[in-house]
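Examining the three-dimensional arrangement
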Amino acid sequence: MSTFLPHFPATFIVTGDPLIYGAEVSIVLATVGILFVLTYFKKWRWLWREWLTTVDHKKISVMYLIAALLMFFRGGVDAMLMRTQLIRPNMSFLQAEHYNQIFTTHGTIMILFMAMPFIFAMFNIAVPLQIGARDVAFPYLNAVSFWLFFFAALLFNLSFVVGGSPDAGWVSYPPLAGLEFDRGPGENFYLLSLQITGIGSIATGINFMATILKMRAPGMTLMRMPLFSWSVLASSILIIFAFPALTVALALLLIDRLAGAHFFTMFQGGNPMMYINLFWIWGHPEVYIVILPAFGIFSEVVSTFSGKRIFGYSSMVASLMTISVISYVLWVHHFFTMGAGPGVNSFFAVATMCVGIPTGVKVFNWLFTMYRGRIRLTVPMLWAIAFIPIFAIGGATGVMLAAAPADYQYHNSFFLIAHFHQVLIGGTVFGMLAGMYYWWPKMFGYMLNERLGRWAFWLFNSGFYVTFFPQYLLGLMGMTRRMYTYPANMGWNTLNFISTMGAYVMGIGFIVLVMDVVYSIRFGERDVTGDPWNGRTLEWSLPSPAPHYNFARIPTVTSRDAWWTSKQERSRSDAPRKLEPLQPIHMPKSSGRPFIMSAIFFIGGFGLVFNWYALGFLALLGVLVSMLLRSLEYDTDYYVPVEEIEQTEAALGRA
Amino acid sequence: MSRPSTHASNTASGSLWMYIVGFVISIALTVGALWLVLARQFSTGTLLTVILLLAILQIGVQMFFFMHITDSPRPQFNLWILGLGMFFTFVVIAGSVWIMSFGAQGY
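Residues numbered from 1 in each chain as written. Chains lettered and ligands numbered in written order. Predicted model: local features only at pLDDT ≥ 70, side-chain atom pairs only at ≥ 80, totals over all residues.

1. Details of the overall build of chain B
Scanning chain B from terminus to terminus reveals 3 helices and 0 strands. Within chain B, buried positions represent 3% of all 107 residues. At a minimum sequence separation of 6, the contacts of chain B that also span at least 24 residues come to 50%. (Helix = DSSP H or I, 4+ residues; strand = E, 2+ residues; numbered from the N terminus. Buried ≥ 20, exposed ≤ 12 C-beta atoms within 10 Å, placed from the backbone. Contact = placed C-beta atoms within 7 Å.)

Right, dumping it as structure tokens:
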């Protein structure tokens, strides 16, 4: 396999399925279309200067958001295809092999290429603005993180048409994912793209931890920090300590596959169960990595739209921190049935039930914040309120699954599928959509249409219940996950049909959401005040969208809900505020290297997928040269002069 | 921010030497561990102990030369995070050993 001349496998371009032919044609057409539009409107230079080389956290946030919505679409189409295949017994819409590929890509994309960029979009737009910073601690590294994610997502999605998709499930357990049972390049695509995006995620975790600990405005002590920033701190801690376990698991499996080692084979002393252990050391904290920022968003949204400060701020902080530590000692509940023994299973079962306690504290705090508040039922608030019953039921079924002896019944059944979709969609997706509607005016300068937003919400929310409640019953009736078809006499037909109908309603809800975005670009209400929701935290003190340096003057914080306090003070006294003179602002320079270096990562990853070692090593060299060049670069920053700040602020209507 | 810049003077030329020294030591520790395994001079027990010692030294080198553990005037964050890191490391190692022994430890 390892020659210097590229060795093309027989199935380099995937053929033989009408769905894939359709995808190939549409990829080519979309690419040609994008190239044509960019050239016709002479936008290449604009694209490079404004977006591909930017280190501005607000623009990086926009790019993360667009990528997350695109991946949401791709993962959602996978889900529609699966539900269509299961609508009736003995369907032949998808072949078994194709079904395997689709559930694998659905899971991988939704967790790593939809949920992760979605939370990073929220990190990037909100955290620096909330804590009164001008950018993140390491803006260049932030761009590196985004482009590594972007090219990893590209590499992963490429597998659909080049070489074949991975098909061993999103967890990719050996020996099924090992070389002896899975020779094709699909698994390599999975391993390498996750490895590349994992580097970006760890860097983002470090970046935001440093930003939150080191770059808060004067007076903003940790206990005055908005709860979303607290949730990002908790999530970043988990990213830093959990992702290395994934890196190790994937690297060892990759060495098994590429170099013929025996870490996870069943021969020569290898042990495939060690992969399961390592994978879930990352995998369990990962679900908390994506849920904690959603908790933070709900805290902001519930407090803003109830017109009250959050109930029990300190207990919210304490429960966030407790969850981030406890969630690290739960991972065995994903494989109770592996048979690690009653001692192990009991410990992890009890630990799993314990994590419900701080989560319960948070739910009650949200309810008490709403209690006797002046509630405004805006779209973000609708998502936040709908989250609570869904998450409560998801939590209850989670505790059922956590009971290790009973888990032998539920394990890998549709009961489990229903449970984790309930907490991941009801928690993370609802949270991110709430955050998207909430911060959209801050990102783009206009509001999303509330009417279409309500339609999208009601379709998605009611579709959700119709999709997943039948799946609990199907699970209890013995339907296991990942089965591509089932016989007609199992009594599963009606419930599967209802579930698929619900999935279609969710799909329509997503389409309405996209319509809302498209409609609002043209007709959305412009946000001229910068504070459309009557917000409480510092990001609403800035114009929408904020100037590239964020704060002309760094605010001094005297209390929690800093912007709310300063609005109260202003309404009490008419005395003109004394403004300090402007100072030149220290800002990072744009750089094309994050984009180029990540593109080289992509090329190297693509080479290793097909065992083209020469290409892999060349790319590794390119990455090292990029890093060396960065180390020797000293002209990385500049000062925005006072006159320019004055002009910008005046143009935005600010004194 | 420890990024080198034309405006900040926090990167003295001394730190360049620190990086080089740290780099050489960390490479030496890595190559040393590999060589010990390949050379097979020790019994398995001794070998594992020596490699673990080298790994602990490596942590120290990384912390001191690259992570600037001594730079911060207020070390509380560092201590908290280091403590948390130690805890998580303990959980991963002890947990994995316990889980992968499959009940052989008796309960």
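2. Observations regarding the overall build of chain A
When helices and strands are counted, chain A shows 19 helices and 2 strands. By the compact-globule yardstick of 26 Å for 655 residues, chain A fits well, its C-alpha radius of gyration being 25 Å. Seen through its principal axes, chain A has C-alpha atoms that stretch 75 × 60 × 50 Å. Buried residues in chain A amount to 49% of all 655 residues. Considering only residue pairs separated by 6 or more positions, chain A has 83% of its internal contacts joining residues 24 or more positions apart. (Rg over C-alpha atoms; globule rule 2.2 N^0.38 Å.)

3. Describing the interface of chain A and chain B
Across the contact, 22 residues belong to chain A and 19 residues belong to chain B. Contributing elements (two or more residues each) for the side of chain A that touches chain B: α7 (227-259), α8 (272-306) and α10 (342-370) of chain A. For the side of chain A that touches chain B, the class distribution of residues is 15 nonpolar, 5 polar and 2 charged. (Nonpolar A, V, L, I, M, F, W, Y, C, P; charged D, E, K, R; others polar.)

4. Things to note about the environment of A:L246
Residue and element names in this part refer to chain A. With respect to the helices and strands, L246 occurs in helix α7. Classification of L246 as buried rests on a count of 23 C-beta atoms within 10 Å. With near-sequence residues (within four places) excluded, L246 lies in contact with G198, F279 and W282.

5. Describing the nonpolar core
For soluble globular proteins, the rule of thumb is that nonpolar side chains tend to be buried together. Core analysis: the biggest nonpolar cluster contains 193 residues, and A:F298, A:W383 and A:A434 have the highest contact counts within it. Tallying contributions element by element places α8(A) first for this core, with 20 residues. (Core = buried A, V, L, I, M, F, W, Y, C linked by C-beta atoms within 7 Å.)

6. Notes on the packing of α8(A) against α10(A)
All names here are of chain A. Where α8 meets α10, the axes come as close as 9 Å, and the angle between the chain directions of the two elements is 15°. Here α8 lies roughly parallel to α10, going by the angle between them. With respect to the hand of their crossing, α8 and α10 are arranged in left-handed fashion. Of α10, the residues touching α8 (which contributes F295, F298, V302, S303 and S306) are K362, W366, T369 and M370. Grouping the constituent residues of the contact of α8 with α10 by class yields 5 nonpolar, 3 polar and 1 charged. (Axes fitted to C-alpha atoms, helices over the stretch in contact; angles between N-to-C directions. Parallel < 35°, antiparallel > 145°, perpendicular 65-115°, else oblique. Left-handed = near helix turned anticlockwise from the far one by under 90°.)

7. Let's talk about helix α11 (residues 379-402) of chain A
Compared with an ideal rise of 1.5 Å per residue, which puts 24 residues at 34 Å, α11(A) spans 34 Å between its outermost C-alpha atoms and is within 8% of the ideal. For α11(A), the principal kink sits at A:I388 and spans about 25°; a proline, A:P389, occurs within the next four residues. (Expected span 1.5 Å × (residues − 1). Bend = angle between axes of the 7 residues up to and from the residue.)

8. A few points about unusual backbone geometry
Residue and element names in this part refer to chain A. In this model, P174 is joined to P175 through a cis peptide bond whose omega is 5°. Residue position: P175 is located in the loop between α5 (139-158) and α6 (186-214). A cis amide bond links S544 to the next residue, P545, at an omega of -15°. Following the sequence through the fold, P545 ends up in the loop between α15 (493-523) and α16 (562-572). For N412, which is not a glycine, the phi torsion comes out positive at approximately 55°. Summarising the element assignment, N412 is placed in the loop between α12 (404-410) and α13 (414-444). A positive phi angle is found at R482, which is not glycine, with a value near 65°. In this fold, R482 is placed in the loop between α14 (450-476) and α15. For R482, a count of 13 C-beta atoms within 10 Å gives the class partly exposed.

9. A closer look at helix α1 (residues 18-40) of chain A
Here α1(A) is 23 residues long and its end C-alpha atoms lie 32 Å apart, about the 33 Å a rise of 1.5 Å per residue gives. Burial runs low along α1(A): only 0 of the 23 residues are buried.

10. Observations concerning the environment of A:L154
Structurally, A:L154 is set in helix α5. Note: C-alpha distance between A:L154 and A:M490 (336 residues apart in sequence) is 40 Å.

11. Thoughts on the packing of α13(A) against α14(A)
The geometry of a pair of packed helices is captured by two quantities: the angle between their axes and the separation between those axes. All names here are of chain A. Running from N to C, α13 and α14 point in directions that differ by 165°, and their axes come no closer than 8 Å. Classed by the angle they form, the pair α13 and α14 counts as roughly antiparallel. Handedness of the crossing formed by α13 with α14: left-handed. Residues F414, F415, L416, I417, A418, H421, Q422, I425 and Y437 of α13 pack against G453, F464, F468, Q471, Y472, L474, G475 and L476 of α14.

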